[in-house]
Amino acid sequence: MKVYNTLSRKKEDFQPLEEGKVKMYVCGPTVYNFIHIGNARPMIVFDTVRRYMEYKGYEVNYVSNFTDVDDKIIKKAVEEGVSAQEISSRYIEECKKDMADMNVKPATLHPLATQEIDGMLEMISTLIDKGFAYPAKDGTVYFRTRKFEEYGKLSHKNLDDLQAGHREIKVTGEEKEDALDFVLWKPKKEGEPYWESPWCQGRPGWHIECSVMAKKYLGEEIDIHAGGEDLIFPHHENEIAQSEACNGKIFSKYWLHNGFLNIDNKKMSKSLGNFFTVREISEKYDLQVLRFFMLSAHYRSPLNFSAELMEAAKSSLERIVNAAENLKHLKKNAKHEGMTAEEEEIWNGSGAFVEKFEKAMDDDFNTADAIASIFELVKYSNTRVNEETSVELLERLYNRLGQLCDILGIILEKNEEILDEEIENLIEERQAARKERNFARADEIRGILLNKGIVLEDTREGVKWKRA
Ligand code: AMP
Ligand code: ZN
């Protein structure tokens, strides 16, 4: 499997640090409003990366944070006259609803920045002890950027060019040693949430959160760190500087970044006001259509959002769902059970599309080509089945189509009634399978439930489930 690594600017062979396991961290949203469909792009594409890795047999530990302390959250709280915590917990819940509707699996863990302050204080202290950070008189703690010699290795920026860019900016009242130094901890302002620290009552800078949460839940060295390309600089560059200076180890082996979701060729963003929330789109479309639209382009390419492309995604998705419906319908009325020799050949022939699908996904998750191979399978199957086809072949083709769609997070069959008791039984069976390290069966069960619209969440208190 090849993945494009922003660090080397090349496609590299994917080799996990530990055989069979993938440790993956994806920067999550700042929760001060409903998420827009630009924010949904990394959620959908990296959920698909995760699903493909799981399909390949990896056990994926997928951590994605919520940034629940930030200027924008505080501003919104002041506007509404409520606490920052009320704002963040409200929008975390809303975000989780949107994720479930887009069939984005809950992360193995969704840590919250505000719950990890101790870890941040510890990392900042270590950085000070090692000479990589210093407190200024007002209690702000800065990272000493130039001391980290590899600074710029991810964004391929040169420190002197950066310095030149900064020269114009007047550093008023700050006690930075160098314009390039960035904030690890900052003093509170009147009315803001704050925590005690050795330097001042204050709150963490944004970058330190992710370094700390990745370390705590995945370890000092991880396989994949991902997010939108706007995070490459400064966020991810700063995360690397903090983590590697603190731990003395390479932080992440592979850095994956999705391209922007644009509107009229401009990045969709809250600040430009050119956005649609996922919730707005859900009033017009099943969010499966949004998911399908996102995956119809390569994740690193820019993608322009338009009504026409959404309509095209809708009809493409319908073609796949109709093919599946047809297989199911034929199966219900089928007269023969087992496959004939001729059908055996048809079945074997359909394997070529699975190979094509895998080849596309192995090439840096080329979902556009993977979808093309699903269409080929649909066409192949549509032209080879009829009232005479056996139950066995119909079932196999249906499952094959379902499996490929499931890797992309596309649900073929929605809202089929499943009783609470059946769900509980399947969850129990999945737990038993996991205990026996039969992850294939465990994932299969997760897939069966997902196909019925049941989303599982592995929490520290055990498995929770909900109807998507
Ligand atoms: P934020 O809440 O702004 O920190 O964004 C959360 C995630 O969404 C980050 O990974 C961003 O890179 C990503 N993101 C924000 N806007 C877009 C966009 N228009 N297209 C693609 N990704 C985006
Ligand atoms: Zn981050």
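Shown above is the structure to which this text applies.
The sections below set out a description of the structure shown in this document. (Residues numbered from 1 in each chain as written. Chains lettered and ligands numbered in written order. Predicted model: local features only at pLDDT ≥ 70, side-chain atom pairs only at ≥ 80, totals over all residues. Heavy atoms only, no water.)

**Some words on the coordination of the zinc ion (ligand 2)**
For the zinc ion (ligand 2), every protein donor is listed as C27 (SG), C210 (SG), H235 (NE2) and E239 (OE), and the spread of their distances is 2.0 to 2.7 Å. Seen from the zinc ion (ligand 2), its four donor atoms lie at angles of 72 to 127°, and the figure they make is irregular. We note that the donor set of the zinc ion (ligand 2) lies within a single chain, spaced as C-x182-C-x24-H-x3-E. Of the two residues, C27 sits in the loop between strand 3 (21-26) and helix 1 (37-55) while C210 sits in helix 6 (residues 206-218), which places them 183 residues apart along the sequence. In this structure, C27 and C210 share a single accessibility class: buried. (Donors = N, O, S within 2.8 Å, 3.2 Å for Na, K, Ca; no water. Tetrahedral: all angles 85-135°; square planar, octahedral: opposite > 155°, others 65-115°. Helix = DSSP H or I, 4+ residues; strand = E, 2+ residues; numbered from the N terminus. Buried < 20%, exposed > 50% of the residue type's maximum accessible area, 1.4 Å probe, protein only.)

**Looking at the side chain of E343**
Along the polypeptide, E343 turns up in helix 11 (residues 341-362). Non-local contacts of E343, meaning those with residues more than four positions away in its chain, are made with G338, E388, T389, S390 and L393. (Contact = heavy atoms within 4.5 Å.)

**So, empty space enclosed by the protein**
Applying the stated criterion to the full structure yields one cavity of 30 Å³ or more. The space that makes up the largest cavity amounts to roughly 60 Å³. Considering the residues around the largest cavity, the lining is formed by K96, M99, A100, V104, P106, H110, V455, E457 and K466. Of all the secondary-structure elements, those providing two or more residues to the lining of the largest cavity are helix 3 (84-101) and strand 14 (454-459). Per-element accounting of the lining of the largest cavity gives the leading share, three residues, to helix 3. Across the lining of the largest cavity, the residue classes break down as five nonpolar, one polar and three charged. A domain-level breakdown of the lining of the largest cavity finds at least three residues from each of domain 1 (15-258) and domain 3 (420-467). (1 Å grid on protein atoms, 1.4 Å probe; cavity = no way out; pocket = protein on both sides within 12 Å on 5 of 7 lines; lining within 4 Å. Points joined across faces, edges and corners; volume = space filled by probe spheres on them. Nonpolar A, V, L, I, M, F, W, Y, C, P; charged D, E, K, R; others polar. Domains from an automatic or database assignment.)

**Topic: the packing of aromatic side chains**
A full pass over the atoms with the stated rule returns 16 aromatic pairs. Taking 5.1 Å as the distance between ring centres and 40° as the angle between the ring planes, the aromatic pair formed by F14 and Y254 counts as tilted. Of this pair, F14 sits in the loop between strand 2 (10-13) and strand 3 while Y254 is found in strand 10 (residues 252-258), placing the two residues 240 residues apart along the sequence. This pair shows no difference in class: F14 is buried, exactly as Y254 is. The residue whose ring lies beneath K270 is Y32, and the NZ or CZ to ring-centre distance is 4.9 Å. Looking at R400, its charged tip hangs above the ring of W347, at a distance of 3.8 Å from the centre. (Phe/Tyr/Trp six-rings, centres within 6.5 Å; stacked < 30°, edge-to-face > 60°. Lys NZ or Arg CZ within 6 Å of the ring centre and 35° of its normal.)

**Quick notes on the sheet that holds strand 11 (residues 261-263)**
With mixed pairing, the three strands of this open sheet are ordered in space as 12-11-13. A single partner strand is all that each edge strand has here, and the edge strands are strand 12 (266-267) and strand 13 (303-304). Sheet topology note: the strand 11/strand 12 ladder contains two bridges and is antiparallel. Along strand 12, the bridge assignment pairs I263 with K266. (Pairing = 2+ DSSP bridges.)

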